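Residue-level listing of the chains:
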Amino acid sequence: MGAFCSSPLMSATLPYRANADFLESKYADWKKDAGSVEPLWSSFFEGFELGMARLPTKGSETAGGDAAPLSEKTLNFRMRVSNALQSFRALGHTAAHLDPLDKEGPEVPGLTLAGLGFTADELEEDVQTHLFRNGQPMKLKTMLAELQRNYCGKTGFEFMHIHHPEVRAWLLDRIEGRNLDAKPAAQDQINALRWLLEAESFERFLHRRFVGQKRFSVEGGESMLVALETILEAMPAAGGKEIILGMAHRGRLSVLANFLRKPLEYLFYEFSENYVPNMVSGDGDVKYHLGFETVRQTSSGDSIGVMLAPNPSHLEAVDPVVEGMARARQRALNDTKDRKKVIPVLIHGDAAFAGQGLVAEVLNLSQLPGYRTGGTVHIIVNNQIGFTTMPEDARSSDYCTDVAKMIEAPVFHVNGDCPLEVMNATRLAFEFRQTFGRDVIVDIVCYRRYGHNETDEPGFTQPNMARAIAEHPSTATLFRLDLAATGVLDEAGSAALQRELDDELEQGITTLADRDKNAEGGNPFEGSMAMPQPAYDYNPVKTGVELTTLKKIGERLLEVPEEFNLHPTIAKRFLAARRKAIEAGEGIDWAYAESLAFGTLLTEGHGVRLSGQDVRRGTFSQRHSVFYDSQTRERHIPLNNLAAEQGRYCVYNSLLSEAAVLGFDYGYSLLTSNLLVCWEAQFGDFVNGAQVIIDQFIASAESKWQRPSHITLLLPHGYEGQGPEHSSARLERFLQLCAGGNMQVCNFTTPGQYFHALRRQIKRSTRKPLIVMTPKSLLRHPKCVSKLSDMAEGTTFKEVLDDENLLAAPERITRLILCSGKVYYDLLAFREEHKIKNAAIIRIEQLYPLNYEMLKEIVAKYPRAQKKWIWCQEEPRNMGAFYYIRPRLEELSNHKLRYSGRERSSSPAAGSKAIHTLEQENLVESAFSV
């Protein structure tokens, strides 16, 4: 049992006077059942086993199974050695010198000689453990000094929270196997200085030239550029082809100028008084929100694509978008197995990483089958402050990175004033990502030289910190001195490099002046990911499909493999109903029409992605796009078995998140034009959990950044007495966001309309988000069905549907009831029951953009009803479509629009089923009498 001296254990967690017999007994128990001993003992023995696994097999006193019992004094000493190893590996980062504003690192009592349980007399004792330096014998003082250098220097390593022994062993080998005296090649050090000076010179140039303008400078955190360039340079050897980058506003301009090499004249133009942000027909956005894409050349001559996603001020909102974009590019590059070609990199602020819940949601995506991207490299620009709030007021955790422990991501904390340490930590992070396909964090501890923006005064709220920063030399200045002292680059060489960079900046201003003189101006979208497209139109799109093809696909969707144990209910009811409908050519319900839309797109070579909570089955057990063997749970996906050559159908049950998953799917849609991307909410009202993604991306991204998307949102909506939480998808909020043809908001009444709308998303040349209020009770309503002929060749989507069930001639109609969605069937039933002959029911299937010409043409058929138009809706008066539709219909009719619906309410629906029923009956009846 002598080998136990090499097992790591936290200081003071096991009694020093434990004897060998007690250890042997505990070890035997653990070998039989690891859960039978206390967690600390389990950790102790796991470390022992790990050490033995890494041991050379030659015999030694510590490895021999028949070694003589150890004395209590020897065992005590060896356990303290083992404790010291564990303490440095687990807690060494707490004593690392990470803060550039402190002259030295903190003293951690548990890592002092006394805290580790040693005396000065024991420093000369010989130690040998197979968990350190492969059992190399050394003095205790040598071991402690090496542990101190490894773990308490300018980089702190957090990795002992990782459960997988092989991952910990990999990190241990690289952390403790480093040559701490070796430095990168001279050219690498000079490159690091160039990257620092590029950032520093750029920021100072802007500060002088554009006084008082906000730019959210990176000054104090320039080592972020060293981290980015390090990843770029490491890409070719590791098989990397593209970087998809997301970040907030801090340092963004410097990243655009110095990492993505956006032409300086365009950046400077955005600062100039002549800048007009809507010059590409959009509303534009501020300069520190714009995206950009380029191709960079590495020092090896390889080309690496770099794409910086545009983003709003809402911190961390871009994170899931970047992940979706990265996965889309991985699909495009056939990088769906190893996922090593496309690397997502996210840059965070410390306060946002700790404070924004979206961070945890996105971390949770990282290993899920439908959302993983092979690991993300997270770089935190840790200013040690958020706006004006200090860490002690901003988080309850020791580190801003502690949330990342939930996915066992290693965290490398590094002093931002040490660019070579940043370079080494980033290289290790990138290697970890490529090796294990998991997220990793590089926490660059730095400072913010100015306030939150350049118009703030940090001394108002943090006078001591502001004073320390003002007196602190820049990172580049300190590094120049280091290079001169080590003979890598003298002051003359540094000065020449500085002049070169200053000249480039001046040339950018000169080029801008020449452009202005020639009235050429600049283009803020040049080189960005902008994709201008034609204005929205109502031209019919060929979405109908040949009848024989529809029938063939419908039949293939019913096929089940032999010896597949399909659940009896699905076989007897679900498939039987579909078989009856496809054979008759009518009775196609909502879910079947959806499957036919997906299936026809797939057989035409397009792809389909559907994701969201429980989408494989469907919230209402309506979809069943994946069949499960009731004995083995093997899966069969009919949509992937339609033809030998077809597109791929990907359907994923997501984690219980709205913002992260919708953001991911939105990002995915940005870089896939040949693939229908759908996100479905479990209930439509859950979509408000993703309101930031809707407001900042889906509704406005095309206007701000010229970034079109064809993402489709499926939001179950309808008043069926389920109470306020599961009735409304908040139609009014989407309509309020509509302008400039930015998206389509629809509330269909037939499966055929849904079929055409889904296919239109791919078949039309323009790309617009589609928001669909999907049904619940209508999923099984006997009248909410379509015929195959409604989807056949020659048919298409119609924004407005005329009344097909009139009980009298159009010229006898004196009342027009206009509505959208489920309430149509309630109105139809009431009219039929009461044999009302003077009212026509017009359905507005697409509320926005509203097809005025089609609506005008339909209402013209009813000349006697021009003064009596009623808008009927299920939602309260202050919700739904009423406030959106009223001015439009009143302009068309030149008369006041009448209202039939629920009264104003702060809650979407009543909690009582009885009240709901009464309200529903009243609003339907009033539509025919108001």
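The preceding data block contains the structure.
Treat the numbers as computed from the prediction; the structure is a model and nothing was measured.

Caption draft 1: Looking closely at the packing of helix H8 (residues 252–259) against helix H9 (residues 264–271). Closest axis-to-axis distance for the H8/H9 pair is 9 Å, and the angle between their directions is 155°. On the basis of their axis angle, the class for H8 and H9 is roughly antiparallel. Each of Leu253, Leu256 and Ala257 in H8 lies in contact with H9, whose residues at this interface are Leu264, Leu267 and Phe271. In terms of residue class, the contact of H8 with H9 is built from six nonpolar, no polar and no charged.

Caption draft 2: Looking closely at the sheet that holds strand E22 (residues 846–848). With respect to topology, seven strands assemble into an open sheet ordered E14-E11-E15-E16-E18-E17-E22, the strand pairing being mixed. In this open sheet, the two strands that pair with only one neighbour each are strand E14 (649–653) and E22. Geometrically, the sheet is characterised by an average inter-axis angle of 20° between neighbouring strands, direction not taken into account. On top of the sheet, helix H20 (residues 590–603) reaches strand E11 (607–612), E14, strand E15 (675–680), strand E16 (712–716) and strand E18 (770–774); it is set at about 140° to E11, its chief contact.

Caption draft 3: The arrangement of the nonpolar core in detail. Counting 95 residues, the largest nonpolar core has Leu245, Phe259 and Phe268 as its most contacted members. With 10 residues, the top contributor of residues to this core is helix H6 (residues 186–209). Setting aside residues no more than four positions away along its own chain, Phe268 makes contact with Phe202, Phe205, Leu206, Phe210, Leu505, Gly508, Ile509 and Leu512. Val362, Val661, Phe734 and Val859 belong to the second largest nonpolar core, which has 77 residues in total.

Caption draft 4: The packing of aromatic side chains, seen in detail. By the definition in use, this model includes 24 aromatic pairs. Here Phe620 and Phe683 contribute two aromatic rings whose centre-to-centre distance is 5.4 Å and whose plane-to-plane angle is 85°, an arrangement assigned as edge-to-face. Of this pair, Phe620 sits in the loop between E11 and strand E12 (627–628) while Phe683 sits in the loop between E15 and helix H22 (691–698); the two residues are 63 residues apart in sequence, bridging distant segments of the chain. The pair Phe620 / Phe683 is uniform in exposure class, with both members buried. On the basis of an interplanar angle of 55° and a centroid distance of 5.7 Å, the ring pair of Phe697 and Trp705 is categorised as tilted. Note on accessibility: Phe697 and Trp705 belong to one class, buried. Each member of the aromatic cluster is reached from another via a ring pair, and the members are Tyr151, Phe157, Phe159 and Phe412.

Caption draft 5: The arrangement of the sheet that holds strand E3 (residues 155–158) in detail. If you trace the eight strands from one edge of the open sheet to the other, you get E3-E9-E10-E8-E7-E4-E6-E5, paired in mixed fashion. At either end of the open sheet lies a strand with only one pairing partner, and these are E3 and strand E5 (292–297). Taken over all neighbouring pairs, the strand axes of this sheet differ in orientation by 20° on average, direction set aside. Sheet contacts for helix H10 (residues 318–332): strand E4 (242–247), strand E6 (303–308) and strand E7 (342–349); angle to E7, the most-contacted strand, approximately 170°. Each of E3, E7, strand E8 (377–382), strand E9 (411–415) and strand E10 (440–445) is contacted by helix H14 (residues 419–436), which is oriented at about 170° to E10, the strand it contacts most.

Caption draft 6: The arrangement of the environment of Val295 in detail. With respect to the secondary-structure elements, Val295 resides in strand E5. Considered as a pair, Val295 and Gly305 are 10 residues apart in the sequence and their alpha carbons are 4.4 Å apart.

Caption draft 7: Structural detail: empty space enclosed by the protein. The final tally for this structure, using the stated rule, is 11 cavities of 30 Å³ or more. Looking at the largest cavity, its volume works out to about 90 Å³. Looking at the largest cavity, it is lined by 13 residues, and the ones nearest its centre are Gln622, Arg623, Glu680, Thr774 and Leu779. The element contributing the most residues to the lining of the largest cavity is H20, with three residues.

Caption draft 8: Structural detail: unusual backbone geometry. With omega at -15°, the peptide bond leading from Tyr848 into Pro849 counts as cis. When you line up the elements, Pro849 lands in the loop between E22 and helix H27 (852–859). Phi at Asn334 is positive, roughly 55°, even though this residue is not glycine. With respect to the helices and strands, Asn334 occurs in the loop between H10 and E7. Here Asn334 falls in the exposed class, since its relative accessible area comes to 64%.

Caption draft 9: The arrangement of the pattern of salt bridges in detail. Inspection of the entire model under this criterion finds 35 salt bridges. For Lys139, the salt bridge identified is with Asp126, shortest N-O distance 3.1 Å. Of the two residues, Lys139 sits in strand E2 (residues 138–139) while Asp126 sits in strand E1 (residues 126–127), which places them 13 residues apart along the sequence. Lys139 gets classed as partly exposed once you look at its relative accessible area, which sits at 32%. Arg623 is paired through a salt bridge with Glu594; the nearest N and O atoms lie 2.6 Å apart. One end of the pair, Arg623, is in the loop between E11 and E12; the other, Glu594, is in helix H20, with 29 residues separating them in the sequence. Like Arg623, the residue Glu594 is buried in the burial classification.

Procedures and definitions
- Residues numbered from 1 in each chain as written.
- Predicted model: local features only at pLDDT ≥ 70, side-chain atom pairs only at ≥ 80, totals over all residues.
- Heavy atoms only, no water.
- Axes fitted to C-alpha atoms, helices over the stretch in contact; angles between N-to-C directions.
- Helix = DSSP H or I, 4+ residues; strand = E, 2+ residues; numbered from the N terminus.
- Parallel < 35°, antiparallel > 145°, perpendicular 65-115°, else oblique.
- Contact = heavy atoms within 4.5 Å.
- Nonpolar A, V, L, I, M, F, W, Y, C, P; charged D, E, K, R; others polar.
- Pairing = 2+ DSSP bridges.
- Core = buried A, V, L, I, M, F, W, Y, C linked by side-chain atoms within 4.5 Å.
- Buried < 20%, exposed > 50% of the residue type's maximum accessible area, 1.4 Å probe, protein only.
- Phe/Tyr/Trp six-rings, centres within 6.5 Å; stacked < 30°, edge-to-face > 60°.
- 1 Å grid on protein atoms, 1.4 Å probe; cavity = no way out; pocket = protein on both sides within 12 Å on 5 of 7 lines; lining within 4 Å.
- Points joined across faces, edges and corners; volume = space filled by probe spheres on them.
- Salt bridge = Lys/Arg side-chain N within 4 Å of Asp/Glu carboxyl O.

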